[in-house]
Structures are given as C-alpha cells and as structure tokens.
Amino acid sequence: MSTKQILSRALGAYLGFACGDALGATVEFMSPKLIQKRYGVHRDIIGGGWLNLEAGQITDDTQMSLALGQAIVDHQGWSIQAVADNFVAWLESNPPDIGNTCRRGIMRYRDNGELFGLPRDDDAGNGACMRNLPVVLATLNRPDYFSDWSLQQSHITHNHPLSDAATLTLGRIANQLINGLDMDAWKQEAGQLIDQYGEFAYSPYPGKASGYIVDTVQTILHYFFSTDNFESCLVATVNQGADADTTGALAGMLAGARYGVEQIPERWLKQLDQQVVGQIRRQTAELIRLAELL
Ligand code: MN
Ligand code: MN
C-alpha cells in the first residue's frame, strides 16, 4: 500500500464522513415515506432539515470529530484532557446541535473534571462511535493504541458495552479499508461483533436507523455491504431517515475509505462548507503523518 493510496482512502473517509453528515442532516428524524413524498430520492446537499442548515453546513458529528482530531494533532499523540477540553470549548461555541448524552458527559467533565461517567443503560446512543475517525487515522499502525484511545474518548460521554463494541468494530473496519484489506476481513470483523452481541445482526435488515447504536450499525453495515459505489451507499443510507446525518456520516466514512476520495461526487465536495473541507484536508494529512511515527 503506497502512502498516496493510504492518503486517498483516509481523506475519502473523512471527507466522505462530512458529506454524509451534510447530506443526511436535511432528512434527520424523517421517515423513509415522508422523505420519498417530499424529495423522491434525496441525493443533493441542500441544507434545511429540522436544524434549518445552510447547504453544505455540517453538524455535531463532524464538529466533534474535528475537535477530537485537533487534540491529537496539537499533542502529537494522546491527551485525554486535551480531548475533553476541546469538547468543552465546542459545547461553549453554541453548536447547531448536540446530543443529550454528549451534553451530559461534557458538562460533567466541565463541572467536576471527571473524564468518564459510570456505566449507564441509556448510554447506548451512537454519539461516541460517530466521532472516532481521527483516532482510527492516528493509530493506523497501532491497534493497541487504537483500542485504548477509542475507549477513553468514548467514555467521556458514553459508557456502555454496546457503544464500546460498535466503536471498536467500525474503527477496525475503517482501518482495514484504509490499509487495503479485502472484503473477507471486513465481513469477519462485522461477524465477530455479531457473535459477541447478537442484536447487531443486520441481515435481514430490520429497517430501523435511529440513534440507538444497534440501529445505527445495522443500517450502516447493511447499506455498506449491499452497494458497490460511494454515492449509492450514502444515498441509500440517508433515505432511510431517522438519525440520517449520523448514519450518513458513518456510511460515508466506510465508503470513502473503501472507494477513495476520487469517488466522492464533485457536486457534493463543492457544496460542502469549504472551511470544513480545508480543516479536514489539513487534519487528515497531519494524522496520517503522526500514524507513520507512532
Ligand atoms: Mn448531527
Ligand atoms: Mn445525528
């Protein structure tokens, strides 16, 4: 695997993630039926949605990922304090959206300095899993660091075995894709998750795409494995509605890592907030450089 190929896939993952966020946000919390009635097939980054976004604007998914990634870049490695501090700064920046579990965890850290919460049954949302891509990129060659950093950053807000298992699995699949492993490896990784927690089984697809981590992972894996190009994977995923910005973002991460940045439609890249595109390009290059040193 050449550095150029690695970079194309890493950039595909991160820009693909942001495209999925911006594309899906328009139809977040809608049902597939309502999406169909209003848009036919929703396939363009047009903003709007319940957050009333500008076309190309991204939401908490991409913002939290950038906050996490910047902490890694600034410290040229891991500082959980720096990650938590960046989450606090983000919370105080008046973001367009923030999940309840994320808000609760970040406020706990801000008020008490506690870096993780006790396990809770209602921590099984997708908020920790959704923002973990920068850890994947920085630890491309270090599976030991990957598990450790992923769980630490997750537990700032989400402390739940299903969230942990999904975060590790999707991160490992993203790693395999970027490192050029084949479909057998990705399928095996997904299979191990289902062996461990049967509720993640995604075939036949149960059809729910909510922010519950089980629904989220089933949706992403179903559409990732049943499509054969970047655009159709994202379009199919977000038209499932519900937590469409987050399922779109995570599907975009996997599809972008699989097909490379070259397959992201030009019309989506052009529409995306160009400041965010610049941040993602710089951060990806820096995280990949760090991965080569670790
Ligand atoms: Mn969001
Ligand atoms: Mn969401």
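Our structure is the block above this text.
Position numbers for residues start from 1 in each chain and track the written sequence from start to end. To label them, take the chains in the order written and letter them from A, then take the ligands in the order written and number them from 1. Residues qualify for local features only when their pLDDT is at least 70, as the model is predicted, and side-chain atom pairs are given and counted only at 80 or more; totals for whole chains, interfaces and linings, by contrast, use all residues. The side-chain quantities take in all heavy atoms of the structure and omit both hydrogens and water.

1. Focus on the coordination of the manganese ion (ligand 1)
Part 1 of the reasoning: Protein-derived ligands of the manganese ion (ligand 1) are T59 (OG1), D60 (OD), D61 (OD) and D245 (OD), with the metal-ligand distances lying across 1.9 to 2.4 Å.
Part 2 of the reasoning: Only nitrogen, oxygen and sulfur atoms qualify as donors, provided they sit within 2.8 Å of the metal or within 3.2 Å for Na, K and Ca; with water excluded from the atoms, sites may seem incomplete. Here the donor residues of the manganese ion (ligand 1) are spaced in sequence according to T-D-D-x183-D.
Part 3 of the reasoning: The distance between the manganese ion (ligand 1) and the manganese ion (ligand 2) comes to 3.5 Å, and D245 binds to both of them. Remark: D245 occurs in helix α12 (residues 244-259) and T59 occurs in the loop between α2 (32-39) and α3 (60-75); sequence separation between them is 186 residues.
Part 4 of the reasoning: Each residue is assigned to one of three classes by its accessible area relative to the maximum for its type, calculated with a 1.4 Å probe on protein chains only: buried under 20%, partly exposed between the two thresholds, exposed over 50%. Judged by its relative accessible area of 0%, T59 is buried. Helix and strand definitions follow DSSP, with helices as H or I runs of at least four residues and strands as E runs of at least two, each counted in order from the N terminus.

2. Some words on the packing of helix α1 (residues 3-25) against α3
Part 1 of the reasoning: Working convention: axes come from line fits to C-alpha atoms, limited for helices to the stretch in contact. Angles between N-to-C directions cover 0 to 180 degrees. Relative orientation of the contacting elements α1 and α3 amounts to 150°, with a least axis distance of 8 Å. It follows from the interaxial angle that α1 and α3 lie roughly antiparallel. Counting all contacts with α1, which are made through Y14, F17, A18 and D21, the residues of α3 involved are D61, T62, S65 and L66.
Part 2 of the reasoning: Across the contact of α1 with α3, the residue classes tally to 4 nonpolar, 2 polar and 2 charged. These descriptions rest on fixed angle ranges, namely under 35 degrees for roughly parallel, over 145 for roughly antiparallel, 65 to 115 for roughly perpendicular, and the rest for oblique. Throughout, a contact is declared for two residues whenever any of their heavy atoms are within 4.5 Å. In this classification, the charged set is Asp, Glu, Lys and Arg, the nonpolar set is Ala, Val, Leu, Ile, Met, Phe, Trp, Tyr, Cys and Pro, and all remaining amino acids, among them Gly, are polar.

3. Re the layout of surface pockets
Part 1 of the reasoning: What the largest pocket holds in volume is close to 390 Å³.
Part 2 of the reasoning: Forming the boundary of the largest pocket are 20 residues, of which G99, N100, N126, G211 and D243 lie nearest the centre.
Part 3 of the reasoning: Of all the elements in the fold, those that place two or more residues in the lining of the largest pocket are α5 (100-112) and α12.
Part 4 of the reasoning: If you tally residues by element for the lining of the largest pocket, the top one is α5, at 3 residues. Definitions used for this entry: grid spacing 1 Å over protein atoms alone; cavity, a set of points where a 1.4 Å probe fits but cannot get out; pocket, an open set with protein on both sides within 12 Å along at least 5 of 7 lines; lining residue, one with an atom within 4 Å of a point. Grid points are joined across faces, edges and corners, and a volume is the space filled by probe spheres set on the points.

4. Observations regarding the pattern of salt bridges
Close approach of charged atoms allows side chains of opposite charge to pair.
Part 1 of the reasoning: When a carboxyl oxygen of Asp or Glu lies within 4 Å of a side-chain nitrogen of Lys or Arg, that pair is called a salt bridge. This structure, assessed with the given rule, holds 12 salt bridges.
Part 2 of the reasoning: With its nearest N and O atoms 2.8 Å apart, the salt bridge here joins D123 to R104. Remark: R104 occurs in helix α5 and D123 occurs in the loop between α5 and α6 (133-138); sequence separation between them is 19 residues.
Part 3 of the reasoning: Judged by its relative accessible area of 33%, R104 is partly exposed.
Part 4 of the reasoning: Ionic pairing is found between R142 and D144, a salt bridge with its closest N-O pair at 2.9 Å.
Part 5 of the reasoning: Exposure remark for R142: the relative accessible area of 24% places this residue in the partly exposed category.
Part 6 of the reasoning: In this structure D144 comes out as partly exposed when scored by relative accessible area, which is 43%.
Part 7 of the reasoning: Members of the salt-bridge network, linked through shared partners, are R43, D44, E231 and R267.

5. Here we look at the coordination of the manganese ion (ligand 2)
Part 1 of the reasoning: Protein ligation of the manganese ion (ligand 2) involves E28 (OE), D243 (OD), D245 (OD) and T246 (OG1), the donor distances falling in the range 2.0 to 2.7 Å.
Part 2 of the reasoning: All donors of the manganese ion (ligand 2) come from a single chain, and their spacing in sequence reads E-x214-D-x1-D-T.

6. A look at empty space enclosed by the protein
Unfilled space is identified by rolling a water-sized probe across the atoms.
Part 1 of the reasoning: Applying the stated criterion across every chain yields a total of 1 cavity of 30 Å³ or more.
Part 2 of the reasoning: Here the largest cavity defines a volume of roughly 40 Å³.
Part 3 of the reasoning: C129, N132, L133, V136, T167, L170, G171 and M253 together form the lining of the largest cavity.
Part 4 of the reasoning: At the level of secondary structure, the elements contributing two or more residues to the lining of the largest cavity comprise α6 and α8 (161-178).
Part 5 of the reasoning: Here the lining of the largest cavity takes 3 residues from α8, the largest share from any one element.
Part 6 of the reasoning: The class makeup of the residues in the lining of the largest cavity is 5 nonpolar, 3 polar and no charged.

7. Some details on helix α14 (residues 274-293)
Along an α-helix, a turn takes 3.6 residues, which lines up residues three or four apart on a common side.
Part 1 of the reasoning: The terminal C-alpha atoms of α14 lie 29 Å apart, and with 20 residues this matches the ideal 28 Å at 1.5 Å per residue to within 8%.
Part 2 of the reasoning: Of all the positions in α14, only V276, V277, I280, Q283, T284, L287, I288, L290 and A291 are classed as buried. Take α14 and look down its axis: the buried residues cluster within an arc of 155°, on one side only. Among the exposed residues of α14, those pointing more than 90 degrees away from its buried face are Q275, R282, E292 and L293. One fewer than the residue count of a helix, multiplied by 1.5 Å, yields its expected span. What the arc measures is the spread of directions leading from the helix axis to the C-beta atoms.

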